[in-house]
Amino acid sequence: MKIAVFCDSVTGNTNKLAKCICNACKGHDVYYFKDFDLEMVDADIIFLGSFVKDMEPSEKFKKVFRLVIDKNIFIFGTCSFDDGPDYYDIIYKNFLKYVPASDNVLGYFFCNGKLPYSYRMKYEARLMKNPNDTLARKKLQHFDSILKHPDNSDFKELELKVKMILESGIVC
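Now for a quick tour of the structure.

Rules used in this analysis
- Residues numbered from 1 in each chain as written.
- Predicted model: local features only at pLDDT ≥ 70, side-chain atom pairs only at ≥ 80, totals over all residues.
- Heavy atoms only, no water.
- 1 Å grid on protein atoms, 1.4 Å probe; cavity = no way out; pocket = protein on both sides within 12 Å on 5 of 7 lines; lining within 4 Å.
- Points joined across faces, edges and corners; volume = space filled by probe spheres on them.
- Helix = DSSP H or I, 4+ residues; strand = E, 2+ residues; numbered from the N terminus.
- Nonpolar A, V, L, I, M, F, W, Y, C, P; charged D, E, K, R; others polar.
- Pairing = 2+ DSSP bridges.
- Axes fitted to C-alpha atoms, helices over the stretch in contact; angles between N-to-C directions.
- Contact = heavy atoms within 4.5 Å.
- Expected span 1.5 Å × (residues − 1).
- Buried < 20%, exposed > 50% of the residue type's maximum accessible area, 1.4 Å probe, protein only.
- Arc of directions from axis to C-beta.

A look at empty space enclosed by the protein
Part 1 of the argument: Evaluated as defined, the whole model comprises one cavity of 30 Å³ or more.
Part 2 of the argument: Within this model, the largest cavity holds a volume of roughly 30 Å³.
Part 3 of the argument: Every residue along the wall of the largest cavity is listed here: Ser 80, Phe 81, Leu 115, Tyr 123, Lys 139, His 142 and Phe 143.
Part 4 of the argument: Considering every element that reaches the lining of the largest cavity, the biggest residue donor is helix α5 (residues 134-145), with three residues.
Part 5 of the argument: When the residues that make up the lining of the largest cavity are grouped by side-chain class, the tally is four nonpolar, two polar and one charged.

Examining the layout of surface pockets
Part 1 of the argument: Taken as a whole, the largest pocket spans an internal volume of roughly 420 Å³.
Part 2 of the argument: Around the largest pocket sit 19 residues that line it, and Phe 51, Val 52, Phe 81, Leu 115 and Tyr 119 are the ones nearest its centre.
Part 3 of the argument: For the lining of the largest pocket, the elements supplying multiple residues, two or more each, are α1 (13-24) and β4 (72-79).
Part 4 of the argument: Taken together, the residues of the lining of the largest pocket sort by class into ten nonpolar, six polar and three charged.
Part 5 of the argument: Elements that contribute at least two residues to the lining of the second largest pocket include exactly α3 (85-96), β5 (104-112) and α6 (152-168).
Part 6 of the argument: Among the elements that line the lining of the second largest pocket, the one with the most residues is β5, at five residues.
Part 7 of the argument: Residue composition of the lining of the second largest pocket, by class: six nonpolar, two polar and four charged.

Describing the sheet that holds β5
Part 1 of the argument: As summarised here, the arrangement of the five strands in space is β2-β1-β3-β4-β5, forming an open sheet in which the pairing is parallel. Both edges of this open sheet fall to β2 (29-33) and β5, since each of them pairs with a single strand only. When the angles between neighbouring strand axes are averaged without regard to direction, this sheet yields 15 degrees.
Part 2 of the argument: Strands in contact with α3 are β3 (45-51), β4 and β5; relative to β5, the strand with the most contacts, it is inclined by about 135 degrees.

Focus on α3
Part 1 of the argument: Between its first and last C-alpha atoms α3 spans 16 Å; for twelve residues at 1.5 Å apiece the expected length is 16 Å, and the two agree.
Part 2 of the argument: Every buried residue of α3 is listed here: Tyr 87, Tyr 88, Ile 91, Tyr 92, Asn 94 and Phe 95. Buried residues in α3, looked at end-on, bunch into an arc of 160 degrees, giving them a common side. In α3, the exposed residues that point more than 90 degrees away from the buried face are Pro 85, Asp 86 and Lys 93.
Part 3 of the argument: The inward-facing, buried residues of α3 contact β3, α2 (59-67), β4 and β5.

Spelled out as structure tokens, the structure:
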């Protein structure tokens, strides 16, 4: 089976997920792309990954979505400002706005990705100005909790999803 993995990553978090997908697809013809390439559209499955900004995929990702028509796709990405299934479902639905109706979405995976240290400094500065800023305190706690993400549990969960798709026989 021919598999394309496309990834738009700024901090390297989404790129780590893309590499996990490539490893999970061993035994297949796997092609990794950081930019759109016409060779992608010949794949049996296209794994499309993006960082999440303001609950949306990157602009580069949106453009690639428009070019991938009548394909089996899997969406993945990293985000940093919240976590959990409900949050990931909202992001997934936002990503779907850019997917052509003719595409067959096989699944999705989102997880946290660590942020640059400048974000922590921003929230620390807010707390210095206002020690009662509960949102800044919450953001600092979340920042600290995601420092090692994506982590091994994220990779294992993603690998399981990928292997289930490959072994399902849904795609020939």
